[in-house]
Amino acid sequence: MASQQPRLYRRLVREIAKSSIAPRACRNKEIATNFRSLFNRNHGSETFQHDLENVLTFMNSQREYKSLLERYNPLMDLTAEERIEATARRVGLNMPVTTSSEK
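Heads up: these notes are all about the structure in this document. Since the model is a prediction, treat every value here as computed from it, not as a measurement.

A word on the nonpolar core. Among the nonpolar cores identified, the biggest contains six residues, and these are Leu8, Leu12, Phe39, Phe48, Leu52 and Leu56. If you list the elements that add at least two residues to this core, you get helix 1 (4-19) and helix 3 (46-72). In terms of residue count, the dominant contributor to this core is helix 3 (three residues). Setting aside residues no more than four positions away along its own chain, leucine 56 makes contact with Leu8, Arg11, Leu12 and Glu15.

Take the packing of helix 1 against helix 3 next. Axis separation between helix 1 and helix 3 bottoms out at 10 Å; the angle between their running directions is 25°. In terms of axis orientation, helix 1 runs roughly parallel to helix 3. As helix 1 packs across helix 3, the resulting crossing turns out to be left-handed. On helix 3, the residues that touch Gln4, Gln5, Leu8, Arg11, Leu12, Glu15, Ile16, Lys18 and Ser19 of helix 1 are Phe48, Gln49, Leu52, Glu53, Val55, Leu56, Met59, Asn60 and Arg63. Looking at the contact of helix 1 with helix 3 residue by residue, the class counts come to eight nonpolar, five polar and five charged.

Further remarks concern the packing of aromatic side chains. Counted by the stated rule, this structure contains two aromatic pairs. Between tyrosine 9 and phenylalanine 39, the aromatic rings sit 4.9 Å apart at their centres with planes inclined by 80°, giving edge-to-face as the arrangement. Placement of the pair is tyrosine 9 in helix 1 and phenylalanine 39 in helix 2 (residues 29-41), with a sequence separation of 30 residues. When its relative accessible area of 5% is taken as the criterion, phenylalanine 39 is described as buried. Measuring from ring centre to ring centre gives 5.3 Å for phenylalanine 39 and phenylalanine 48, while their planes differ by 85°; the resulting arrangement is edge-to-face. The pair formed by phenylalanine 39 and phenylalanine 48 is uniform in burial state, with each residue classed as buried. Taken together, the ring pairs connect Tyr9, Phe39 and Phe48 into an aromatic cluster.

What counts, and at which threshold
Residues numbered from 1 in each chain as written. Predicted model: local features only at pLDDT ≥ 70, side-chain atom pairs only at ≥ 80, totals over all residues. Heavy atoms only, no water. Core = buried A, V, L, I, M, F, W, Y, C linked by side-chain atoms within 4.5 Å. Buried < 20%, exposed > 50% of the residue type's maximum accessible area, 1.4 Å probe, protein only. Helix = DSSP H or I, 4+ residues; strand = E, 2+ residues; numbered from the N terminus. Contact = heavy atoms within 4.5 Å. Axes fitted to C-alpha atoms, helices over the stretch in contact; angles between N-to-C directions. Parallel < 35°, antiparallel > 145°, perpendicular 65-115°, else oblique. Left-handed = near helix turned anticlockwise from the far one by under 90°. Nonpolar A, V, L, I, M, F, W, Y, C, P; charged D, E, K, R; others polar. Phe/Tyr/Trp six-rings, centres within 6.5 Å; stacked < 30°, edge-to-face > 60°.

Laid out in structure tokens, this is it:
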């Protein structure tokens with residue numbers, strides 16, 4: 001099982017890189033240091049490896065969920081007004097132009 005430890009660590013690093021928003025140079029170095037120390041402390045533990053596989057499955061699923069949500073729910077990131085306008089356009093209507101009475 002000790003040979004699985006480097007493989008799991010590499011998978012975790014890859015998954016973090018895929019799900020990260022910030023570029024690699026801007027990521028917090030403390031997080032990588034803490035992951036390394038965590039791996040060194042729990043070297044060969046069956047429970048740790050099982051938990052790590054669960055974490056990897058969760059991270060992969062979250063990334064997939066986010067991509068599916070963006071694909072099938074494109075109105076997710078819009079404000080309420082923009083969402084109403086997009087919905088009206090979808091059914092072939094145009095929203096009336098409203099003037100604001102702020103002076």
